[in-house]
Amino acid sequence: TIEEKLKEKLAVLNHYERAITLLNWDMYTAVPRLGYQGMADTVAFLSQRQFELATSDEFYALLGEAMEPTVFEALDEGMQYSVRTLYRDQTKQRRIPVDFVKRYVEAQSVSRRVWEEAKTGNDFSMFAPHLQAMIDLTREKCSYTDPDQDVYNVLLDQYEEGMHAEIIDSVFGELKEGLLPLLEKLRNKPHNPSRLYERTYPLHQQEKVQQLLLEYIGFNFSAGTTAQSMHPFTLGFSRNDVRVTNHFHLNNPISAMFSAIHEGGHAIFDQNVDPALMGTEADSCRYMGLHESQSRFYENILGRRRSFWEPVYDKIKLLLPEMSDIPLDEFVSEINYIHPSFIRTEADEVTYCLHIILRYEIEQAIFRDGAKADELPELWNVKTQELLGITPSGDSEGILQDMHWSDGSFGYFPSYLLGNIYDGLFLETMTDELGDIDDILSQGEIQTITKWLNSKIHRYGSLRLPAKVIEEVCHRPLSARPLLAYFSKKYDAVKA
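Predicted, not measured: the structure shown is a model, and the values here were computed from it.

The next point concerns the overall build of the protein. Of the regular secondary structure elements, the protein holds 22 helices and three strands. For 496 residues, the compact-globule estimate of 2.2 N^0.38 gives 23 Å, and the protein sits close to it at 23 Å. Along the longest, intermediate and shortest principal axes, the C-alpha atoms of the protein span 65 × 50 × 45 Å. Within the protein, the fraction of its 496 residues that count as buried is 55%. For the protein, the share of sequence-separated contacts (at least 6 apart) that also reach a separation of at least 24 residues comes to 75%. For the protein, the accessible surface area stands at approximately 20,700 Å², while carbon and sulfur atoms represent 51% of it. Side chains of the protein carry 49 positive and 76 negative charges; the gap between the two charge centres is 2 Å.

Listed below in structure tokens is the structure:
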């Protein structure tokens, strides 16, 4: 039958995807420096073969047959999503010349490697030509897939389908207008430096804290594992194999704790998609804003509350005796200290929003105003001063801090802030349905919250567009107001 043939083709494509994902995992966690290029060559080879299979006339014809109403209506929900999505995507992908795919993947691998070297050496100039190449290749790719469409909207749609710049401009503008005066008010509050950063925390003990926190929030180690990388990330092979990485700092245990909670939120999403969707295109969430909403819900909405730490703080001090004289109140004060800083991944929950608005505005400058790569460090510094009131001293704490643009992931950054905005809505709804969140957390019942998220969001994978999730879960339109209300309530209560 057509359905059986489809499942066979999807299985083959999934094997390629799993192999490519595994090689990427290895490239960023284990491969020695001299082995990197060989691994990158294999990724390029497999990516090209996968692309050829996915865009073959045979597969495209099969998808076309499956789109016929009598066939389509007989498919289950996961297969319907796969057919509809693949047919749409392959209609676009088939417009891309095969030799372009090889060129793109090769440039991507070189760009990522040079970015790491440039970041380590605090030297944007060595990365600039590679960044310009990724910008140019991205434009070229969009000219094939979506001719005559606005390039930046095409890029945004890749990561958060349906959320175009006009919508994002509105909610980001609403947020920016509310955040700048709040930040001005908070930045003048006195802060006593914490003793947390005066000592050294053994890395192997920090790894044990990571395991404790991941298990606490609901990560299943029978279906997941961890490793170290320069930049924390999560890769999902299937709901039964989800992998997270972290980066540990000898003098800053908080960084790895919150990276663990953040990446754990991503992983819990992947681990709790409905098993019936396995092997289909819906078996993980392809909407990055929705995915980020889950990681940032755990990291910020839950993880920065005193009640989150009450059941586990003593256990953490046993694993990190260096923290034994740090009272919980001092720890909670530190993780909620609002101050402008340079590094996005280390930013507090308020200024983080402005970090993303900065990147969003620069991406618009690139793809709408034609800004060139060598102009971007100055633009970055100007916008950092405008939004945060500080100016980076060098490229590593400025434009080189993130890996995203090095691999062509333009349009991804807005998804982080969309995730925060979704979280404001989810928090309102969850409180209405479950009651006071602090009461739940202080009783050690965080799994109640995880199960709510499992049933309301995670199990659907990609079946529902983000706008549909907001509509069905929250029963109200997209707005930044609930997030601003959360910030105002929380930080108006902070003592001067």
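Of all nine residues in helix α8 (residues 151–159), seven are buried; the element is thus mostly enclosed. Those residues of α8 not exposed but buried are V151, Y152, N153, V154, L155, L156 and Y159.

Further remarks concern the environment of F100. Mapping F100 onto the fold places it in helix α6 (residues 98–121). The exposure class assigned to F100 is buried, which follows from its relative accessible area of 2%. The spatial distance from the C-alpha of F100 to the C-alpha of L465 is 30 Å, given a sequence separation of 365 residues. Apart from the residues lying within four places of it in its own chain, the contact partners of F100 are L137, E140, K141 and Y144.

With the rule as written, the count across this model stands at 33 salt bridges. The residue D89 makes a salt bridge to R286 at a minimum N-O spacing of 3.0 Å. Within this pair, whereas D89 is found in helix α5 (residues 77–93), its partner R286 is found in the loop between α11 (253–271) and α12 (288–302), the two being separated by 197 residues in sequence. For R286, a relative accessible area of 26% corresponds to the partly exposed category. For D438, the salt bridge is made with R305, and the minimal N-O distance between the two is 3.3 Å.

Moving on: the side chain of R243. Looking at the secondary structure, you find R243 in strand β3 (residues 241–246). At a separation of 3.0 Å, a polar atom in the side chain of R243 contacts the side chain of D241. Excluding residues that lie within four positions of it along the chain, R243 makes contacts with L22, W25, T225, F233, T234, L235 and F237.

In the contact formed by α12 and helix α20 (residues 446–456), the axes pass within 12 Å of each other and the chain directions differ by 150°. When the axes of α12 and α20 are compared, the pair comes out roughly antiparallel. As α12 packs across α20, the resulting crossing turns out to be right-handed. Across the interface between the two elements, Q294, F297, Y298 and L302 from α12 touch I446, I449, T450 and L453 from α20. Grouping the amino acids of the contact of α12 with α20 by side-chain chemistry returns six nonpolar, two polar and no charged.

Next up on the list: the side chain of S111. Note on placement: S111 falls in helix α6. You can call S111 buried: its relative accessible area is 0%. Beyond its immediate sequence surroundings of up to four residues, S111 is in contact with F127, H130, M134 and S406.

Taken N-terminus to C-terminus, the directions of helix α18 (residues 413–434) and helix α21 (residues 466–474) make an angle of 20°; their axes are 10 Å apart at the nearest point. Between α18 and α21, the angle is such that the two are roughly parallel. Read as a crossing pair, α18 and α21 show a hand that is left-handed. Residues Y422, L425, F426, T429 and E433 of α18 lie in contact with α21, whose contacting residues are P466, V469, I470, V473 and C474. Taken together, the residues of the contact of α18 with α21 break down into eight nonpolar, one polar and one charged.

Here the focus is the state of the cysteines. In protein structure, a disulfide is the covalent linkage between the sulfur atoms of two cysteines. Following the criterion strictly, the structure yields zero disulfides and no others. Note on C285: no disulfide assigned, nearest cysteine sulfur contributed by C474 at a separation of 14 Å.

Another point: unusual backbone geometry. Of note, the phi angle at N122 is positive, near 55°, even though the residue is not glycine. When you line up the elements, N122 lands in the loop between α6 and α7 (124–145). In this structure, D148 is a non-glycine residue whose phi angle is positive, near 70°. Residue position: D148 is located in the loop between α7 and α8.

All right, on to the nonpolar core then. F172, M257, F308, W309, M323, F331 and F426 are the most contacted members of the largest nonpolar core, which has 142 residues in total. The leading source of residues in this core is helix α16 (residues 351–369), at eleven residues. Other than its neighbours up to four places away in sequence, F426 contacts L290, S293, Q294, F297, W452, I457, V469, I470, V473 and C474. Within the second largest apolar cluster, 13 residues are counted, among which are L10, L13, F72 and L75.

This next bit is on the environment of N192. Within the secondary structure layout, N192 lies in the loop between α9 (165–186) and α10 (203–217). Overall, the relative accessible area of 68% leaves N192 in the exposed class. Remark: the alpha-carbon pair of N192 and E334, spanning 142 residues in sequence, is separated by 9.0 Å.

Moving on, we get to the sheet that holds strand β2 (residues 234–238). One open sheet accounts for three strands, arranged β1-β3-β2; its pairing is mixed. Pairing within the sheet leaves two strands with one partner each, and these edge strands are β1 (224–228) and β2. Strand-to-strand twist of the sheet, defined as the mean angle between neighbouring strand axes without regard to direction, takes the value 20°. Sheet topology note: the β2/β3 ladder contains four bridges and is antiparallel. Following the sheet pairing, G236 is matched in β3 by V242. Each of β1, β2 and β3 touches α11; the most contacted strand, β3, lies at about 165° to it.

So, how was this worked out
- Residues numbered from 1 in each chain as written.
- Predicted model: local features only at pLDDT ≥ 70, side-chain atom pairs only at ≥ 80, totals over all residues.
- Heavy atoms only, no water.
- Helix = DSSP H or I, 4+ residues; strand = E, 2+ residues; numbered from the N terminus.
- Rg over C-alpha atoms; globule rule 2.2 N^0.38 Å.
- Buried < 20%, exposed > 50% of the residue type's maximum accessible area, 1.4 Å probe, protein only.
- Contact = heavy atoms within 4.5 Å.
- Areas by Shrake-Rupley, 256 points an atom, 1.4 Å probe, with all protein chains shown as cover.
- Lys, Arg positive; Asp, Glu negative; His and termini not counted.
- Charge placed at Lys NZ, Arg CZ, Asp CG, Glu CD.
- Salt bridge = Lys/Arg side-chain N within 4 Å of Asp/Glu carboxyl O.
- Polar contact = N/O pair within 3.5 Å; in protein donor to acceptor, adjacent residues only side chain to side chain.
- Axes fitted to C-alpha atoms, helices over the stretch in contact; angles between N-to-C directions.
- Parallel < 35°, antiparallel > 145°, perpendicular 65-115°, else oblique.
- Left-handed = near helix turned anticlockwise from the far one by under 90°.
- Nonpolar A, V, L, I, M, F, W, Y, C, P; charged D, E, K, R; others polar.
- Disulfide = S-S within 2.5 Å.
- Core = buried A, V, L, I, M, F, W, Y, C linked by side-chain atoms within 4.5 Å.
- Pairing = 2+ DSSP bridges.

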